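The lines below spell out each chain.
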Amino acid sequence: MRLGRRGALRGAAGLLAAGAARAEDWPTRPIRIVVPFAPGGASDLLARLLAERLAPALGQPVIVENRPGAGATIGADAVAKARPDGTSFLYGTPGPQIVNPYLMRGLPYDAERDFTPIVSLVRAPNLLVVTPSLPVRSVADLIALAKAKPGELTFGSSGIGASSHLAGEMLKLKAGIEVTHVPFRGSGPAIQELIAGRISFLVDTLLLYTEHRASGALRAVAVASVQKSSLMPDLPTIAETLPGFDSFAFNYLAGPAGLPEAVVARLNRETNRILADAAFRRRLMELGLEPIGGTPADTAATIREEAGRAREVILAANIRAE
């Protein structure tokens, strides 16, 4: 049976109305948040803290599912290929949409088109730290020493393409210095080598160094964000010496492409409510994390901005995943 134009329009309107009604009733089933890393890390911890608060707010279980591997692409791909029915979400970190498109060849998903940004969660400022045996107490000192001894200083990272690697390469580029990158399998081994004096400096997540700074095992030089951190307000920023220097780990929630707008709006609203809670904010600050929040458009803009920054560093330094 053929429908006339008016009948076709009525049918389309009915389908749209039905879809909207289902979205407004969301969620009717358990929800999973895919963390593209193994259990026990910072991303996994925050995802679980968030899930505990989201479950009662949404009236459904919120399950954290760890899908590690391939530089976070396995977990990201699982969400990119999931049905956009409001049951699968990605705990986003810099890897899947910001770094990997420029670091890796042949990603199994389109980093821009296959995801729906929902809400910004936290930013974790990076910190420039040096081994105490190095005669460096400021960013200017480090630059002067590196220029006096080109190629002799070394910086560590938690791996090729990690936030700590890109931060070190950014420092090289902006300061015009020649230092050697030494990658490790995680931040822990890199920190131990720094304490032992076998590498010169690191630019990594601020929280990792709180204990070591207090004990004097490492010397904190500057925060790697444009603005001073409320977590270490006594420290200057790298940007005070190298204008525009900004390096931090950005975490957010995203879903597969095609999510109903009502689902995005509700999850954004509930997550913002949680991020605004005083007790939850205190817990984040204890973990060295600065809560963000905001609209889906804000999240999309930050992803684009950070992807542009990552692209600039990766191409200039000719970085490729091993």
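This section reports on the structure supplied with the text. Remember, predicted model here, so these are calculated numbers, not experimental data.

1. Overview of the environment of Ala51
Mapped onto the secondary structure, Ala51 falls in helix α2 (residues 42-58). The buried category is assigned to Ala51, whose relative accessible area is 6%. The residues touching Ala51, leaving out its near neighbours within four places in the chain, are Val62 and Val64.

2. A few points about helix α11 (residues 296-317)
Each full turn of the α-helix corresponds to 3.6 residues, which orients residues three or four apart in the same direction. The terminal C-alpha atoms of α11 lie 31 Å apart, and with 22 residues this matches the ideal 32 Å at 1.5 Å per residue to within 8%. Of all the positions in α11, only Thr299, Ala300, Ile303, Glu306, Ala307, Arg309, Ala310, Val313 and Ile314 are classed as buried. Buried-residue contacts for α11 involve α4 (94-103), β4 (115-130), α6 (163-175) and β9 (248-256). Where α11 ends, the next residue or the one after it, Asn318, has phi of about 55°, a positive value.

3. A look at the environment of Asp246
Residue position: Asp246 is located in the loop between β8 (219-223) and β9. Between the alpha carbons of Asp246 and Gly59 there is a distance of 39 Å; along the sequence they are 187 residues apart. Residues within four places of Asp246 in sequence aside, it is in contact with Arg123, Met170, Ala224, Ser225, Val226 and Arg309.

4. Regarding helix α9 (residues 261-276)
Along its 16 residues, α9 runs 22 Å from first to last C-alpha, staying within 8% of the 22 Å computed at 1.5 Å per residue. All of the buried residues along α9 are Val263, Val264, Arg266, Leu267, Asn268, Glu270, Thr271, Ile274 and Leu275.

5. Looking at the pattern of salt bridges
Enumeration according to the criterion identifies 16 salt bridges in this entry. Arg67 serves as the salt-bridge partner of Glu65, at 3.0 Å between the closest nitrogen and oxygen. For Arg67, a relative accessible area of 30% translates into the label partly exposed. A salt bridge links Glu270 to Arg273; its shortest N-O distance comes to 3.1 Å. Here Glu270 pairs with Arg273, and both are found in helix α9, just 3 residues apart, close to one helical turn. Here the salt bridges do not stand alone but share partners, grouping Arg32, Glu65 and Arg67 into one network.

Calculation rules
- Residues numbered from 1 in each chain as written.
- Predicted model: local features only at pLDDT ≥ 70, side-chain atom pairs only at ≥ 80, totals over all residues.
- Heavy atoms only, no water.
- Helix = DSSP H or I, 4+ residues; strand = E, 2+ residues; numbered from the N terminus.
- Buried < 20%, exposed > 50% of the residue type's maximum accessible area, 1.4 Å probe, protein only.
- Contact = heavy atoms within 4.5 Å.
- Expected span 1.5 Å × (residues − 1).
- Salt bridge = Lys/Arg side-chain N within 4 Å of Asp/Glu carboxyl O.

Function cannot be inferred from these measures alone, as they are strictly geometric.
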